[in-house]
Amino acid sequence: MIKFKNVNKIYKIDKEVVFQALKNINFEIKKGEFVSIIGPSGSGKSTLMHLIGLLDTPTKGEILIEGKNIKNLNDNELSSLRNEFVGFVFQQFNLIAKLTVLENILLPTIYSRKKLDFDPRKKALELIKKFGLSGKENSYPNKISGGQQQRVAIMRALIMQPKLILADEPTGNLDSKTGIEIMNLLKKLNKEEKITIIVVTHEADIASYGKRLIKIKDGEIVDN
Amino acid sequence: MNYFIFIVKAAIEDFKKNKTQTFLTSLGILIGVFSVVILTALGLGLKKYIDDQFAQLGKNSLFIAPGKLISGGSFNAASTFQSIKFDNRDLTKIRKIKGVIEIAPIFSKQVVAKSFKKTEDTTIIFSSEAFFSINGFNIKNGRFFNKSDIDKKSKVVVIGPKIAEKLFGQADLALDQKITASNVNFKIIGVLESKGGGGFGGPDYDNYIFSPYTSGYIFNPQKNFSRIALKFDDINFSVGEIKELIKKEMLKRYDEDSFSIIEPGDILQAVNSIFSVLNMVLVAIASISLLVGGIGIMNIMFVTVTEKTKEIGIRRAIGARKNDILYQFIIESTILSVLGGAMGLGLAFLTTLILQKFFPAYIDVNSVLLALGVSSAIGIFFGVFPAKKASDLSPIEAIRYE
Ligand SMILES: Nc1ncnc2c1ncn2[C@@H]1O[C@H](COP(=O)(O)OP(=O)(O)OP(=O)(O)O)[C@@H](O)[C@H]1O
Ligand SMILES: [Mg+2]
């Protein structure tokens, strides 16, 4: 499903100084996998995640998504993939403060260009019920707890029925009990709905939820 | 549809959060739209007022004035200086022209009028009885002066209601009273009905006094007239024919450039052309404030784009295209601008309601459409640059922005 071939990411710090955040990354992730990417701070985990999530492009090397080389896709096609194929879950939740819980969950559907085979509102309400947020539909993000916000973020990631969920430190801003709840949720989605999940973390016990572990250090894969 | 509801709702939420900023940003457009609409309303009102004034003059009247007062549809200001005067010889000749029914020679004098109570500066118009019918005057109390008053050089006046009120405290008390104008005694034989308005496009007849032209010879020993008004037989003669006949007669004595024969419609056209140019200039000046308002919106939108960088990143991460972001910001700036436009329009409506008490002014559908059209155009035009900046942000830079 996802294939990295000799991927390098080099940041330009200023005119002369550059920083290589990823060095010759090669890996493949198959449909239905639950992968944990672990590594110390600054090792390049987020950079890698942004590449998988099509938010950024590699400096060198190739990324294939379902066999398509992303180099050949224009901005609109990349946007559609982000909309339909991937669901993002961030450490800081990244909900839009002025939209309600329900509206945040519905947001990806308004940007969809394909005809949806489900009723967005009905689906969102189902998700809200399933994730135990009934009654909070019309609350604003700052009126609910961090754990609840992260659930909303997961629901937003799920509404378009993506094949892949990318979670960058999803438990980073949560206490350990809530963190475990969120990880169990992701595990359930992988098991029951066969959604491919990639979780980035620097904590070993969070990484242990994954069925496969990729270790990264100083921009290189050290264990796969 | 859902798409727009979402974007508009988000924009409105932002505006609610920053009410003061939103209001101040729209203020520029508010002021611009307000001034354009008000000025247009005044222009329209003025035009209507002038039309109404001239509608009271019969279609079958003409004026003979010294100089080439009107040339090519507009006033010729220079003509006022090279003016000739008409006299009794002209009157006799014109009266003899076939088709001329009534004739009113006119001259006026600024006087100090005294009643037993008060003293006021005013103007006396000396003319014939025909003056009243040509100008569509009605009498309220008493009577107009007549032919016999003119033959007898009677020292009588018909008085406008406003000056009558000023001199006697109440217009109804003026009848049969005496007034002294520049030390000559006159008897008031009639009080006019109000013609209303005054001040624009024509003299304020309510403030004038009218007397037989023969009685005015005391002030006018040369027996000169500054204008001649006349009524003609419009059943058997066309305006063109009558004008031609009068012109032929006048050319025997004067050269072509020293007099004009004017139809009320000519004056109307000339007055309107002056006012519409004046109004266009004013509206153009007011439009500059719209431009300034638009730049204000652009400025705020650039700030907003920076403030919302993270939000743009989130929207891009979940699949918004460049154009989605572009539309979002253009819609936002358009709402801001139309909001200002609508408030300006509302204020202009209220102001017009108040103005109408003193002044002819009215707002027509065109100015409403223009105001809203222009303000949305400004919103779109000045919103495009900030919106382009927002949509061109790279998703990764935007989402990393703190
Ligand atoms: N836009 C950028 N410009 C320059 N350097 C960058 C940029 N983004 C990331 N880096 C650098 O690349 C390296 C990898 O960053 P990245 O965010 O991928 O680390 P990370 O593994 O996610 O760390 P953390 O666990 O702290 O989130 C870091 O040293 C960081 O300073
Ligand atoms: Mg990171």
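As the structure is a prediction and not an experimental result, all values here were calculated from the model.

## Considering the overall build of chain A
Okay, step 1: Counting its secondary structure elements, chain A contains seven helices and ten strands.
Okay, step 2: In terms of overall dimensions, chain A is globule-like: its C-alpha atoms have a radius of gyration of 17 Å, near the 17 Å expected for 224 residues.
Okay, step 3: When the 224 residues of chain A are sorted by exposure, 57% land in the buried category.
Okay, step 4: Restricting the contact set of chain A to residue pairs at least 6 apart, pairs at least 24 apart contribute 72%.

## Some words on the environment of Glu249 of chain B
Residue and element names in this part refer to chain B.
Okay, step 1: Relative to the elements of secondary structure, Glu249 occurs in helix H7 (residues 239–251).
Okay, step 2: A relative accessible area of 16% means that Glu249 is categorised as buried.
Okay, step 3: Separated by 155 residues in sequence, Glu249 and Ile94 place their C-alpha atoms 7.4 Å apart.
Okay, step 4: Discounting chain neighbours no more than four positions away, the residues touching Glu249 are Lys93 and Ile97.

## Some points on the nonpolar core
Okay, step 1: Judged by nonpolar contacts, the single largest core of 117 residues is most densely connected at Phe4, Leu186 and Ile198 of chain A.
Okay, step 2: If you tally residues by element for this core, the top one is helix H10 (residues 322–355) of chain B, at nine residues.
Okay, step 3: Apart from the residues lying within four places of it in its own chain, the contact partners of Phe4 of chain A are Ile25, Asn26, Phe27, Leu48, Leu51, Ile52, Glu62 and Ile63 of chain A.
Okay, step 4: Residues Ile106, Val157, Ala181 and Met250 of chain B belong to the second largest nonpolar core, which totals 65 residues.

## A short note on the packing of aromatic side chains
Residue and element names in this part refer to chain B.
Okay, step 1: Per the stated rule, a full pass over the model turns up 25 aromatic pairs over all chains.
Okay, step 2: Seen in terms of ring centroids, Phe131 and Phe132 are 6.2 Å apart; in terms of plane orientation they differ by 85 degrees. Their pairing is edge-to-face.
Okay, step 3: Residue class for Phe132 comes out buried when judged on its relative accessible area of 2%.
Okay, step 4: Seen from their ring centres, Tyr213 and Phe225 are 5.7 Å apart, and the 85 degrees between their planes marks the pair as edge-to-face.

## Some words on unusual backbone geometry
Okay, step 1: For Glu66 of chain A, which is not glycine, the phi torsion reads 45 degrees and is therefore positive.
Okay, step 2: Its place among the elements puts Glu66 of chain A in the loop between strand S4 (60–65) and strand S5 (68–69).

## A short note on the interface of chain B and chain A
Okay, step 1: Across the contact, 26 residues belong to chain B and 29 residues belong to chain A.
Okay, step 2: Carbon and sulfur atoms supply 58% of the area buried between chain B and chain A, which totals about 2700 Å² over both sides.
Okay, step 3: Contact with chain A buries area across many residues of chain B, yet Phe6, Ile318 and Arg321 of chain B alone supply 29% of it, more than any other trio.
Okay, step 4: Across the chain B-chain A interface, the total number found is five salt bridges.
Okay, step 5: Between Glu311 of chain B and Lys98 of chain A there is a salt bridge, with its nearest N and O atoms 2.6 Å apart.

## Quick word on the domain arrangement of chain B
Okay, step 1: Splitting chain B by domain gives domain 1 (2–52 + 271–400) and domain 2 (85–253).
Okay, step 2: Spacing between the C-alpha centres of domain 1 of chain B and domain 2 of chain B amounts to 54 Å.

## Overview of the side chain of Asn83 of chain A
Okay, step 1: Of note, Asn83 of chain A is situated in helix H2 (residues 75–84).
Okay, step 2: You can call Asn83 of chain A buried: its relative accessible area is 3%.
Okay, step 3: Within the structure, the side chain of Asn83 of chain A is placed 2.9 Å from the backbone oxygen of Ile318 of chain B, a separation counted as a polar contact.
Okay, step 4: If sequence neighbours within four positions are ignored, Asn83 of chain A has contacts with Pro108, Tyr111, Ser112 and Met160 of chain A together with Ile318 and Gly319 of chain B.

## A closer look at the site of ligand 1
Okay, step 1: Looking at ligand 1, there are 14 residues lining it, with Ser41, Gly42, Lys45, Ser46 and Thr47 of chain A nearest.
Okay, step 2: What surrounds ligand 1 is not a single chain but chains A and B.
Okay, step 3: Thr47 of chain A has a polar side-chain atom sitting 2.6 Å from an oxygen atom of ligand 1.
Okay, step 4: When residues in the shell around ligand 1 are grouped by element, the largest group, three residues, is from helix H1 (residues 45–52) of chain A.

## Quick look at the packing of helix H3 (residues 101–110) of chain A against helix H1 (residues 2–17) of chain B
Okay, step 1: Across the interface, H3 of chain A lies against H1 of chain B with an axial gap of 10 Å and an inter-helix angle of 130 degrees. Judged by the inter-axis angle, H3 of chain A sits oblique to H1 of chain B. Of the two elements, H3 of chain A crosses H1 of chain B, and the hand of that crossing is left-handed. Touching Glu103, Leu106, Leu107 and Ile110 of chain A of H3 of chain A are Tyr3, Phe6 and Lys9 of chain B, all from H1 of chain B.
Okay, step 2: Class assignment of the residues belonging to the contact of H3 of chain A with H1 of chain B gives a composition of five nonpolar, no polar and two charged.

## Some words on helix H3 (residues 88–96) of chain B
Residues and elements named next belong to chain B.
Okay, step 1: If you check which residues of H3 are buried, you get Asp90, Leu91 and Ile94. In an axial view of H3, the angular spread of the buried residues amounts to 100 degrees, which keeps them on one side of the axis. Residues Arg89 and Lys96 are exposed on H3 and point more than 90 degrees away from its buried face.
Okay, step 2: Elements that come into contact with the buried residues of H3 comprise strand S1 (61–66), strand S4 (100–114), strand S11 (227–232) and H7.
Okay, step 3: Where H3 begins, one side-chain oxygen reaches toward the backbone nitrogen of Arg89, 3.1 Å away; that side chain belongs to Asp87.

Conventions and cut-offs
Residues numbered from 1 in each chain as written. Chains lettered and ligands numbered in written order. Predicted model: local features only at pLDDT ≥ 70, side-chain atom pairs only at ≥ 80, totals over all residues. Heavy atoms only, no water. Helix = DSSP H or I, 4+ residues; strand = E, 2+ residues; numbered from the N terminus. Rg over C-alpha atoms; globule rule 2.2 N^0.38 Å. Buried < 20%, exposed > 50% of the residue type's maximum accessible area, 1.4 Å probe, protein only. Contact = heavy atoms within 4.5 Å. Core = buried A, V, L, I, M, F, W, Y, C linked by side-chain atoms within 4.5 Å. Phe/Tyr/Trp six-rings, centres within 6.5 Å; stacked < 30°, edge-to-face > 60°. Buried area = accessible area lost by both parts, 1.4 Å probe. Salt bridge = Lys/Arg side-chain N within 4 Å of Asp/Glu carboxyl O. Domains from an automatic or database assignment. Polar contact = N/O pair within 3.5 Å; in protein donor to acceptor, adjacent residues only side chain to side chain. Near = heavy atom within 4 Å. Axes fitted to C-alpha atoms, helices over the stretch in contact; angles between N-to-C directions. Parallel < 35°, antiparallel > 145°, perpendicular 65-115°, else oblique. Left-handed = near helix turned anticlockwise from the far one by under 90°. Nonpolar A, V, L, I, M, F, W, Y, C, P; charged D, E, K, R; others polar. Arc of directions from axis to C-beta.

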